[in-house]
Amino acid sequence: MTVTRPARLTGAALCAALALIAAVWILQDLASLGSPADLAWYWAGDHHFLIRGRSTTSLLDPVLLAAYAATVLAALRSRHAASALAAAGAATLALRLPGLWAAGSGALVTALLELALATGLVLTAAVGRRPADAPYEQRPTRPRTGPAVAAGILLAAAALFLTLWELYWAGELPLETTFDRFTGGRSVVKPALAPPPGWLSLIAAALYGTAAVSCFARARHSRAFGLLAAVLLTAGGLGGVARAVRYETLVRLGDLTTLDATDVLTSVFELLAGLAVLVLLAGRGAPDAAPAPHPAAGARSPAPPHPTPPGW
């Protein structure tokens, strides 16, 4: 399947609008906090230092900003950008949905606008597709078997680890707190635009699992969903590793409790696995096998006999 030029331009415009919204909020946080380093540490989850305000954005916002920018480029450059448009739109719908019941008019208006743009993005990807009927039109390539399987294993492991962590916290925390982790209740303190932590884990695990299945199947859309999952996975691992380096827990694993050490090692795995998936899926795909020629294709007509009989 390919995407028509009007659909590609529409998708690029919608993604650019989503990127602009994210950039405006990030710039507002920079103006509020006054220091890019403070904002970066806040995104990484380090809230144990004095800042001159409170961040509205979270680590998810620069991740989505990067995804939107990459999708704009894909839509403008490639006729095979349907999966990239669909992945960006679906991820935005899932991650921004809790903003509908978030406190604050700014978060609500932002959620409504982003959900409307994301819906348009998904519809554009669906309606703007057309089959590649012309023989000269190339189809999106499938990932090569080795890299696709390796990426699928890493993404499946990431989904499993994330699910196990959520099951652990569900067993350790009170029921009300566990419920708040998915709905954003009073017991959860988070940036205004950030989804509740349990909801984010649920959507991330679903994205990792979906991308893993598509990689195992070597689907043509596996690269778009796999790369998006890899960026989110890498960002989460980077935040955890950054905190571990800042507080020197990475070099003192032996002195930590089993729970804290497992948390640090999970972050290391997420960072390395995310980077590995990015490398594995960024390479060239496998070309489709050339169709077998028809037996009569290219066959030359027999030469006339010599001497030519009457009526030949």
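Scroll up to find the structure.
Residues numbered from 1 in each chain as written. Predicted model: local features only at pLDDT ≥ 70, side-chain atom pairs only at ≥ 80, totals over all residues. Heavy atoms only, no water.

### Quick look at helix α4 (residues 82–96)
Phase 1 of the analysis: Spanning 15 residues, α4 covers 21 Å between terminal C-alpha atoms, matching the ideal 21 Å at 1.5 Å per step.
Phase 2 of the analysis: For α4, the full list of buried residues reads Ala-82, Ser-83, Ala-84, Leu-85, Ala-87, Ala-88, Gly-89, Ala-91, Thr-92, Leu-95 and Arg-96. (Helix = DSSP H or I, 4+ residues; strand = E, 2+ residues; numbered from the N terminus. Expected span 1.5 Å × (residues − 1). Buried < 20%, exposed > 50% of the residue type's maximum accessible area, 1.4 Å probe, protein only.)

### Thoughts on helix α3 (residues 60–77)
Phase 1 of the analysis: End to end, α3 covers 26 Å across 18 residues, agreeing with the expected 26 Å (1.5 Å per residue, within 8%).
Phase 2 of the analysis: By the burial criterion, the buried members of α3 are Leu-60, Asp-61, Val-63, Leu-64, Ala-67, Tyr-68, Thr-71, Val-72 and Ala-75.
Phase 3 of the analysis: In this structure, the buried residues of α3 make contact with α1 (5–33), α4 and α9 (222–246). (Contact = heavy atoms within 4.5 Å.)

### What to know about the packing of α1 against α3
Phase 1 of the analysis: It is the contact of α1 with α3, at a shortest axis distance of 8 Å, that shows an interaxial angle of 155°. Taken together, the axes of α1 and α3 lie roughly antiparallel to each other. The handedness of the crossing between α1 and α3 comes out as left-handed. Contacts from Arg-8, Leu-9, Ala-12, Cys-15, Ala-16, Leu-18, Ala-19, Ala-22, Ala-23 and Ile-26 of α1 reach α3 at Asp-61, Pro-62, Leu-65, Tyr-68, Thr-71, Val-72, Ala-75, Leu-76 and Arg-77.
Phase 2 of the analysis: Classifying every residue of the contact of α1 with α3 gives 15 nonpolar, one polar and three charged. (Axes fitted to C-alpha atoms, helices over the stretch in contact; angles between N-to-C directions. Parallel < 35°, antiparallel > 145°, perpendicular 65-115°, else oblique. Left-handed = near helix turned anticlockwise from the far one by under 90°. Nonpolar A, V, L, I, M, F, W, Y, C, P; charged D, E, K, R; others polar.)

Without other data, these values stay purely geometric and don't point to any function.
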